[in-house]
Amino acid sequence: MDTSTVGALSELGLARPQDPTQSDAAAPAVRPIRRLPVQKDWPTWALLIAQACILVGAIALWELAATTGWIDAFFWSQPSAILKTLTIFFTTGDAWTDISFTFRSTIFGFLLGTTAGSLLGLSFWWSRNYAAIVQPYIICLESIPKLALAPLIILVFGIGLVSKVAVATALTLVVSTLTAYAGVKALDPDGEKLFYSLGASRLQVFRKLVVPFCLPWIISVLRVNIGLALTGAIVGEFIASQHGLGRAILYAGQTYDIALVWVAVLVLSTLAVLMYAAVSWLESMLRKGVRQ
Amino acid sequence: MSYPAPKLCVDDVGMTFKTSVTSNNPAGVFEALAPVTLAIPQGRFVSLIGPSGCGKSTIFNIIAGLLEPTAGRVMIDGVDATGTIGRVGYMLQKDLLLPWRTVLDNVILGMEIQGVPLKAARERALPLLHRYGLSGFEYLYPNALSGGMRQRAALLRTLLFDTDVILLDEPFGALDAQTKLQMQEWLMQLWSDFGKTVLFVTHDVEEAIYLSDEVHVMGTRPGRIVATIPVLLARPRVRTSALTPEFLAIKQRCLDLLQVPASQAA
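The sections below set out a description of the structure shown in this document. (Residues numbered from 1 in each chain as written. Chains lettered and ligands numbered in written order. Predicted model: local features only at pLDDT ≥ 70, side-chain atom pairs only at ≥ 80, totals over all residues.)

1. Focus: the interface of chain B and chain A
What counts, and what does not: Once C-beta atoms are placed from the backbone, any two residues with those atoms within 7 Å are in contact. In this text, helices come from DSSP runs of H or I with a minimum length of four residues, and strands from runs of E with a minimum of two, each type numbered from the N-terminal end. Put simply, Ala, Val, Leu, Ile, Met, Phe, Trp, Tyr, Cys and Pro go in the nonpolar bin, Asp, Glu, Lys and Arg in the charged bin, and everything else, Gly too, in the polar bin.
The interface of chain B with chain A comprises 16 residues on the first partner and 15 residues on the second. Among the elements that take part in the side of chain B that touches chain A, helix α3 (residues 109–113) of chain B stands out by supplying three residues, more than any other. Its residues placed into classes, the side of chain B that touches chain A shows twelve nonpolar, three polar and one charged.

2. Comments concerning the packing of helix α7 (residues 128–143) of chain A against helix α9 (residues 161–185) of chain A
Residue and element names in this part refer to chain A. Rules: To get an axis, a line is fitted to the C-alpha atoms, and for a helix only the part in contact is used. The angle between two axes follows their N-to-C directions and goes from 0 to 180 degrees. In this scheme, roughly parallel covers angles under 35 degrees and roughly antiparallel covers those over 145, while 65 to 115 is roughly perpendicular and the rest are oblique. The sense of a crossing depends on the near helix, which, turned anticlockwise from the far helix by less than a right angle, makes the crossing left-handed and, turned clockwise, makes it right-handed.
The interhelical angle for the contact between α7 and α9, taken along N-to-C directions, is 135 degrees, at an axis separation of 10 Å. As summarised for this structure, α7 and α9 are arranged oblique, according to the angle between their axes. The two elements α7 and α9 cross, and the hand of that crossing is left-handed. Along the contact surface, α7 presents I138, L141 and E142, while α9 presents V174, T177 and L178.

3. A look at α9(A)
Residues and elements named next belong to chain A. What counts, and what does not: Multiplying 1.5 Å by the residue count of a helix minus one yields the expected span of that helix. To get the bend at a given residue, fit one axis to the seven residues ending there, fit another to the seven starting there, and take the angle between those axes. Counting other C-beta atoms within 10 Å of a residue's own tells you its class, since 20 or more makes it buried, 12 or fewer makes it exposed, and anything in between is partly exposed; those C-beta atoms are placed from the backbone.
Over its 25 residues, α9 extends 36 Å from the first C-alpha to the last, a length consistent with the 36 Å expected when each residue adds 1.5 Å. Considering bend angle alone, the principal kink of α9 is centred on T172 and spans about 25 degrees. Of all the 25 residues making up α9, 19 are buried; the element is thus mostly covered by neighbouring parts of the structure.

4. A word on the sheet that holds strand β4 (residues 71–76) of chain B
Residue and element names in this part refer to chain B. Keep this limit in mind: Should DSSP find at least two bridges between two strands, the strands are taken to pair.
A sheet is described by the order of its strands in space; here four strands give the open sequence β2-β1-β4-β5, paired in antiparallel fashion. In the strand order of this sheet, the two ends are held by β2 (29–41) and β5 (79–80), each with one partner. The pairing of strand β1 (residues 6–18) with β4 spans five bridges and is classified as antiparallel. Within β4, the position partnered with C9 by the bridge is M75. Running at roughly 115 degrees to β1, helix α1 (residues 56–63) makes contact with β1, β2 and β4 of the sheet.

5. A closer look at the environment of A166(A)
Tracing the chain through its elements places A166(A) in helix α9. Spatially, the C-alpha atom of A166(A) lies 9.6 Å from that of A229(A), the residues being 63 residues apart in sequence.

This is how it looks when you write it as structure tokens:
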């Protein structure tokens, strides 16, 4: 190696230092000895206790802040008042009427939107021309904020249960349609070829290939849809209704009964969690049934 | 040598597509398959070999009625079967087993579509699954099966469709060499038990010669048959047949025919 090369390399910091004085200056730092960081998992009971502590702590802090006047109990209310309102709500109010009203509009909307949407999506398999004609409209519907149409829907369907179901259906229908159609589009053309080579009719291909193939797609949208249906039902109640948890929240807010707002939100959340859990269970059952 | 009347007759079948008119192609026509004629007697095992794009799959699709040829006819048992589906068993390259059905219910698909009651179809299929190496797998789902087992199931599905003619499009193309050899033996067993007329597509020259009574070598642009080579090796064949001079001579001839002349290589 000639000197000019060494110079060039040392400028790049690549050359071995040859001069002892230089080597002292550029002595490499001792590398620290490191071990692979290992996270130790806590047992489940410890995690549960930690979660419970956070909840209890937050509630206690809220109560304390409200009684000592750090926060304004008029706007924020306080846990003890909420508890009191909760018992009143369930003993004297129309709690069960409201819960059942919201529950029914959600479930009907969910079932109607999911079923009709899935069938609509699957129907696109039957004719490419029909699919090509209808598709732009579906995409338009998808991009419209459906909740903006809610006042119109209430106007058309009245202030009863039907209008809430209609809003919930409007929200879930398009999602189901597009998902089922995505399933149809993912169908392997060779699968159809196999069926036709066996002499199958269109109906046989649809029943024995298209529907079972698209089922996982349809199932995957159930959990999203239950949330959307609940949103639709609540918004419908916000606009005009005589019953329902959404109406209870709106009414309590307008009359500055903040504790009642919290109670209604609490009950609504419980309902949402229960329905979500039920649909998750349904989903896992269906998945077992269709063997992905 | 006198042949019996052909079971399957591909009569001057050609396939052309309209394409955009260019200076290279003033007619605006792409000839995928120049008129091809094949006459296959009952119970024969016939292979098609050729480079990619020589129209092997096109011929299969036409025979299976999935594609309407632009010229010629397909005759089965002397009857015009052009463009009619459900006349032949067709096994595509992929096994296409339905993941939501058990192996048994996959295998009976053809019978089910033809309207055989499920119970009767299952009763017919079970002994065959046992006899042809799928016992213990009947009630499993396809995702639990190895590649070789999946191909067995797909082949049995084709056989149980109960047509005299069976088209096999590279059934062993995706298998490892070891499994492929086993599957060839298995297929030979099946073929001699059922006496079906088999049309077999492969890229593997040795496989084609080992299995067939007759090998058709195909060429490209347009897809056509360039040579038909009878394989007169005695049956049942053994692996060492592949070392005999007759076998090697046929292999040599096939390889020469498949070799693209340097002047034509793209």
